[in-house]
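# Secondary and tertiary structure notes
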Amino acid sequence: MRKFSAIWKQPYFVIGFVLITILIGGSFVYEWIYGNVPSQTFYIEENGKPVEGQPISPRLEHPIHIFGTDQHGYDLLTKIILGAKYTILGALGVAALRMLLAVPVGLIIGTYWRKYRHGINSLMDPIHYFPMTIFAVFILSPILLMPVEGFTSTLMERIMIEVIILALLTSPIVISLVANETSLIYTQEYILASKALGAGNGRLIIKHILPQLREKLVIIFGQQVVETLILFTHLGIMKLFLGGTKVSYDPEMPDPPMSISYEWAGLLGDTFRYLVGAPWLPLTPAAFFAVLIFAISSMMEGYIRATNPELIPRKRKRITRIQDEVIEWNREQLREKMELLKQVQK
């Protein structure tokens, strides 16, 4: 309980938690109250003259279009708000499922199969160097790309399938990490003493291994959330959006692939081609990605500071110039007295 209360006293953790809560809560509240995206084809001045067409650039004097509109005239900030819940909860779901799959398997390998650990690591090491995006593109393309006859599954079904697949693809890396940490803890003296007193592997895991791994598992979870966000971004550039990609099959004037859920990676991938002509379109979701990663990193930093107070740098006392002069004067007086004492002794 002390550590839990100390976490909420850390400003880093509170700042990150508040940012994520505002993004998720605002997304659900806006969809519940409004549920639609306002659009505007032209920006009109007070005299009624249209001065700019879609996409409308960001305008601070216009609160509705503070981040501008997209290429179809839809407000970009509203799309960011609606897609926040899918982006954040999707990344949290992938990271949580990875941990649920990897931690038990890693504990088993590090406890019962320690002599096979090096062989298992040699099989999992190549996964570290092979980009997961390529695996994900081949597996998720039939699921996320809309066929000619339309989707036969719902939005939530496609999101759940993508979350499960992305969790399975990268869970071997987390399994190897947890297994190595568990095996390292088993070499500690208190573990050897507990085994000498008759403690079994099950008791060692519950009473010693998990308490020692708790802080590292929290850090690993935060890292997995950030890695999932980066993977979402890569898939967005490849036109594979969370929840599905709307594809136009019009032979005469086909529309480019569009995001159905407005998740941020989809907004980034959908507007990346406008980076030169209308840079606010891809840079706005990229900026919100940066804010989200900053919030997660802040929560991790706050947790580390709360659970390891010795790592917090202590504030150095400020010494004024007058105090420095007084200290130096005292040193000079002491030197003169020591010189005088030496002369008297001679």
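All values derive from a computational prediction rather than experimental measurement.

What counts and how
Residues numbered from 1 in each chain as written. Predicted model: local features only at pLDDT ≥ 70, side-chain atom pairs only at ≥ 80, totals over all residues. Heavy atoms only, no water. Helix = DSSP H or I, 4+ residues; strand = E, 2+ residues; numbered from the N terminus. Contact = heavy atoms within 4.5 Å. Buried < 20%, exposed > 50% of the residue type's maximum accessible area, 1.4 Å probe, protein only. Polar contact = N/O pair within 3.5 Å; in protein donor to acceptor, adjacent residues only side chain to side chain. pLDDT = per-residue confidence, 0-100. Salt bridge = Lys/Arg side-chain N within 4 Å of Asp/Glu carboxyl O. Phe/Tyr/Trp six-rings, centres within 6.5 Å; stacked < 30°, edge-to-face > 60°. Lys NZ or Arg CZ within 6 Å of the ring centre and 35° of its normal. UniProt positions renumbered as here; feature names shortened; annotations may be inferred. Core = buried A, V, L, I, M, F, W, Y, C linked by side-chain atoms within 4.5 Å. Expected span 1.5 Å × (residues − 1). Patch = residues over 30% accessible without salt bridge, like charges linked within 9 Å, V, L, I, M, F, W, Y side chains within 5 Å. Areas by Shrake-Rupley, 256 points an atom, 1.4 Å probe, with all protein chains shown as cover.

## Observations concerning the environment of leucine 19
- Within the element layout of this structure, leucine 19 appears in helix H2 (residues 11-33).
- Sequence separation between leucine 19 and alanine 295 is 276 residues; the distance between their C-alpha atoms is 6.3 Å.
- Residues in contact with leucine 19, not counting those within four places in the same chain, are Val291, Phe294 and Ala295.

## Re helix H9 (residues 264-271)
- Along H9, eight of the eight residues are buried, which leaves the element largely enclosed by surrounding structure.
- Every buried residue of H9 is listed here: Trp264, Ala265, Gly266, Leu267, Leu268, Gly269, Asp270 and Thr271.
- Structurally, H9 contributes buried residues whose contacts are with H2, helix H3 (76-112), helix H8 (201-237), strand S4 (258-259) and helix H10 (280-307).
- The N-capping residue of H9, defined by a side-chain oxygen 3.0 Å from the backbone nitrogen of alanine 265, is glutamate 263.

## Section: the confidence of the model for the protein chain
- In this model, the protein chain carries a mean pLDDT of 79, and residues with pLDDT of at least 70 account for 79%.
- At the low end of the mean pLDDT range in the protein chain sits strand S1 (residues 42-44), at 55; at the high end sits H2, at 91.
- pLDDT under 50 marks residues 315-319. Its contacts with residues more than four places away, or in other chains, come to two contacts.

## Brief notes about the pattern of salt bridges
- For the structure on display, the rule yields four salt bridges.
- For the salt bridge of glutamate 31 with lysine 85, the shortest nitrogen-to-oxygen distance reads 2.6 Å. Taken together, the residues glutamate 31 in helix H2 and lysine 85 in helix H3 connect sequence positions 54 residues apart.
- In this structure lysine 85 comes out as buried when scored by relative accessible area, which is 5%.

## A short note on the packing of aromatic side chains
- In the structure shown here, the tally under the stated rule is seven aromatic pairs.
- Geometrically, the ring pair formed by phenylalanine 67 and phenylalanine 288 is edge-to-face, given 5.8 Å between the ring centres and 70 degrees between the ring planes. Separated by 221 residues along the polypeptide, phenylalanine 67 in the loop between strand S2 (50-53) and H3 and phenylalanine 288 in helix H10 bring together distant segments of the chain.
- In this structure phenylalanine 67 comes out as partly exposed when scored by relative accessible area, which is 29%.
- Arranged with centres 5.6 Å apart and planes meeting at 55 degrees, the rings of tryptophan 264 and phenylalanine 288 form a pair that is tilted. In this pair, tryptophan 264 sits in helix H9 while phenylalanine 288 sits in helix H10, placing the two residues 24 residues apart along the sequence.
- Grouping aromatic residues by their ring pairs yields a cluster made of Phe67, Trp264, Phe288 and Phe289.
- The aromatic ring of phenylalanine 28 is capped on one face by lysine 85, whose charged end is 5.8 Å from the ring centroid.
- Sitting above the plane of the phenylalanine 151 ring, arginine 158 keeps its charged end 3.8 Å from the centroid.

## Focus on the UniProt feature "transmembrane region" (unreviewed entry) in the protein chain
- Within the UniProt annotation, "transmembrane region" (unreviewed entry) is assigned to residues 12-33, 86-109, 129-147, 159-179, 217-242 and 274-296.
- With 100% helix and 0% strand, the stretch residues 12-33 has end C-alpha atoms that lie 31 Å from each other.
- In this annotation, residues 274-296 is assigned 74% helix and 0% strand; the end-to-end C-alpha distance for the span is 29 Å.

## Things to note about the nonpolar core
- Membership of the largest hydrophobic core comes to 44 residues, with the highest contact counts inside it found for Ile20, Leu140, Leu166, Leu235, Trp264 and Ile296.
- Mapped onto this core, the elements with two or more residues apiece are H2, H3, helix H5 (132-144), helix H6 (155-185), H8, H9 and H10.
- Contact partners of isoleucine 20, with chain neighbours within four places excluded, come to Ile88, Leu292, Ala295, Ile296 and Met299.
- Counting 20 residues, the second-largest nonpolar core is a separate cluster that includes Ala102, Ile109, Leu204 and Ile205.

## Side note on H2
- Spanning 23 residues, H2 covers 32 Å between terminal C-alpha atoms, matching the ideal 33 Å at 1.5 Å per step.
- Residues of H2 that are buried include every one of Phe13, Gly16, Ile20, Leu23, Ile24, Ser27 and Tyr30, and no others.
- Just downstream of H2 lies glycine 35, where phi reads positive at about 80 degrees.

## Quick look at a nonpolar patch on the surface
- Together, Phe130, Ile134, Phe135, Phe138 and Ile139 line one region of the surface with nonpolar side chains, adding up to about 490 Å² of accessible area.
- Turning to its location among the elements, phenylalanine 138 is positioned in helix H5.
- On the basis of relative accessible area, phenylalanine 138 is assigned to the exposed category, the value being 66%.

## Considerations on the side chain of serine 27
- Counting through the fold element by element, serine 27 comes out in helix H2.
- For serine 27, a relative accessible area of 0% puts it in the buried group.
- At 3.3 Å, the side chain of serine 27 forms a polar contact with the backbone oxygen of leucine 82.
- Here serine 27 is in contact with Ile81, Leu82, Ala84 and Lys85, once residues within four sequence places are set aside.

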